[in-house]
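A structural walkthrough
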Amino acid sequence: MLRPVIVVGAGGFGREVLDVLEAINKQSARGQFDILGVVDDNPSSLSRARLGHRGYKHLGRLADWLEKGTATLYVTAIGNPVVRKAISNLIESETSLEPITVVHPSAVIGSEVYFGKGTVVCAGVNVSTNVSVGGHVHLNPGAIIGHDTTLCDFVSVNPGAIVSGDVTVEKESLIGAGAIVLQGLTIGAGSTVGAGAVVTRDVGEGDIVKGVPAR
């Protein structure tokens, strides 16, 4: 039996999550998920059009969907870690909806890897050995996660970023597209590493760093 699932977020990452779900379904003749559509409080007209072009429904506002009490799985497809946390916590505090972890079949996953609930692993991601990934983490296309690394809850690693071995990325942090975090460092909670930055030393809680080397 196909498991019903909704995607929360109608923007670009929402459509990337739909790609992941579709790819998983193609792995077997019967598929795994019945993709009901997308929930979003205020999708742009362009997002609506792009969803419609792919044959997906906008199911309305999140509060309205939760009020229906429909038993579904869900994935929160919001790029901003803080907003993603708020939405996911709201869903889990008010309903029995279950967050699911989805991993694109083209991702390369090493040994002894743990993924928390609600995490999304996109196409082309490479996760090495002995990596712990928390809940509701986003690993965007082409991201590389080195050995013995810990990514805490609600972390985002944007496209093409490289997190080297034995790194700790604390909760609600964002690693920008194409950024590099060198081995053995800690990225503090709620921090942001700018696109293309090269991080050579620890990043403090809530800090924003950019450049080469990142400052």
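Residues numbered from 1 in each chain as written. Predicted model: local features only at pLDDT ≥ 70, side-chain atom pairs only at ≥ 80, totals over all residues. Heavy atoms only, no water.

Regarding the overall build of the chain
If you tally the helices and strands in the chain, you get four helices and 22 strands. Projected onto its principal axes, the C-alpha coordinates of the chain cover approximately 50 × 35 × 30 Å. Per-residue burial for the chain yields a buried fraction of 47% across its 215 residues. Once local pairs closer than 6 in sequence are excluded, the contacts in the chain between residues at least 24 apart make up 30%. Split by element, the accessible area of the chain, about 9,800 Å² in all, is 50% carbon and sulfur. Of the charged side chains in the chain, 17 are positive and 20 negative, and the gap between their average positions amounts to 8 Å. (Helix = DSSP H or I, 4+ residues; strand = E, 2+ residues; numbered from the N terminus. Buried < 20%, exposed > 50% of the residue type's maximum accessible area, 1.4 Å probe, protein only. Contact = heavy atoms within 4.5 Å. Areas by Shrake-Rupley, 256 points an atom, 1.4 Å probe, with all protein chains shown as cover. Lys, Arg positive; Asp, Glu negative; His and termini not counted. Charge placed at Lys NZ, Arg CZ, Asp CG, Glu CD.)

Some thoughts on the sheet that holds strand β20 (residues 192–193)
Spatial strand order, β5-β8-β11-β14-β17-β20-β22: seven strands in an open sheet with parallel pairing. Each edge of the open sheet is held by one strand with a lone partner, namely β5 (102–103) and β22 (208–209). (Pairing = 2+ DSSP bridges.)

Digging into the pairing of strand β3 (residues 73–76)
Both faces of β3 are covered, namely the face carrying L73 and V75 and the face carrying Y74 and T76. Examined bridge by bridge, strand β1 (residues 3–8) and β3 share four bridges and lie parallel to one another. Among the inter-strand pairings, I6 is bridged to a residue of β3, identified as Y74. Looking at chain direction, β3 and strand β4 (residues 98–99) are connected through two bridges and run parallel. Bridging across to β4, Y74 finds its partner in P99. In the classification by handedness, the crossover that spans β3, the intervening helix α4 (residues 81–94) and the parallel β4 is right-handed. (Right-handed = clockwise from strand over helix to strand, strands pointing away.)

Quick word on helix α1 (residues 12–25)
The end-to-end C-alpha distance of α1, which contains 14 residues, comes to 20 Å, matching closely the 20 Å that a straight helix rising 1.5 Å per residue would cover. Across the 14 residues that make up α1, a large majority, ten, are buried. Among the residues making up α1, those that are buried are F13, G14, R15, V17, L18, V20, L21, A23, I24 and N25. (Expected span 1.5 Å × (residues − 1).)

Examining the pairing of strand β2 (residues 33–39)
Along any regular strand the residues' side chains alternate between the sheet's two faces. Here β2 lies mainly inside the structure; five of its seven residues are buried. With six bridges joining them, β1 and β2 adopt parallel strand pairing. Bridge pairing in β2 links V8 to V39. Regarding the hand of the β-α-β motif, the stretch spanning β1, α1 and β2 is right-handed.

Focus: the sheet that holds strand β9 (residues 126–127)
The parallel open sheet is built from six strands, whose spatial order is β6-β9-β12-β15-β18-β21. The open sheet has two edge strands, β6 (108–109) and β21 (198–199), and neither has a second partner. Looking at chain direction, strand β12 (residues 144–145) and strand β15 (residues 162–163) are connected through two bridges and run parallel. Counterpart to I144 in the pairing with β15 is I162.

Some points on the nonpolar core
Formed by 29 residues in total, the largest nonpolar core has its most connected members in L139, V157, I175 and V199. Look past the residues within four positions of I175 in its chain and what remains in contact with it is S156, V157, N158, A161, V169, V181, I187 and V193. The next biggest cluster of nonpolar side chains, apart from the first, holds 21 residues, and it includes V5, V7, V20 and L51. (Core = buried A, V, L, I, M, F, W, Y, C linked by side-chain atoms within 4.5 Å.)

Some thoughts on the pattern of salt bridges
Under the criterion given, the structure shown has four salt bridges. In this structure, R61 engages D64 in a salt bridge whose closest nitrogen and oxygen atoms are separated by 3.4 Å. Here K85 ties to E172 by a salt bridge, and the two come within 2.9 Å at their closest N and O atoms. Taken as a pair, K85 in helix α4 and E172 in the loop between β16 (168–169) and β17 (174–175) lie far apart in primary sequence, 87 residues in all. Sharing partners across several salt bridges, the network here consists of D19, E22 and R54. (Salt bridge = Lys/Arg side-chain N within 4 Å of Asp/Glu carboxyl O.)

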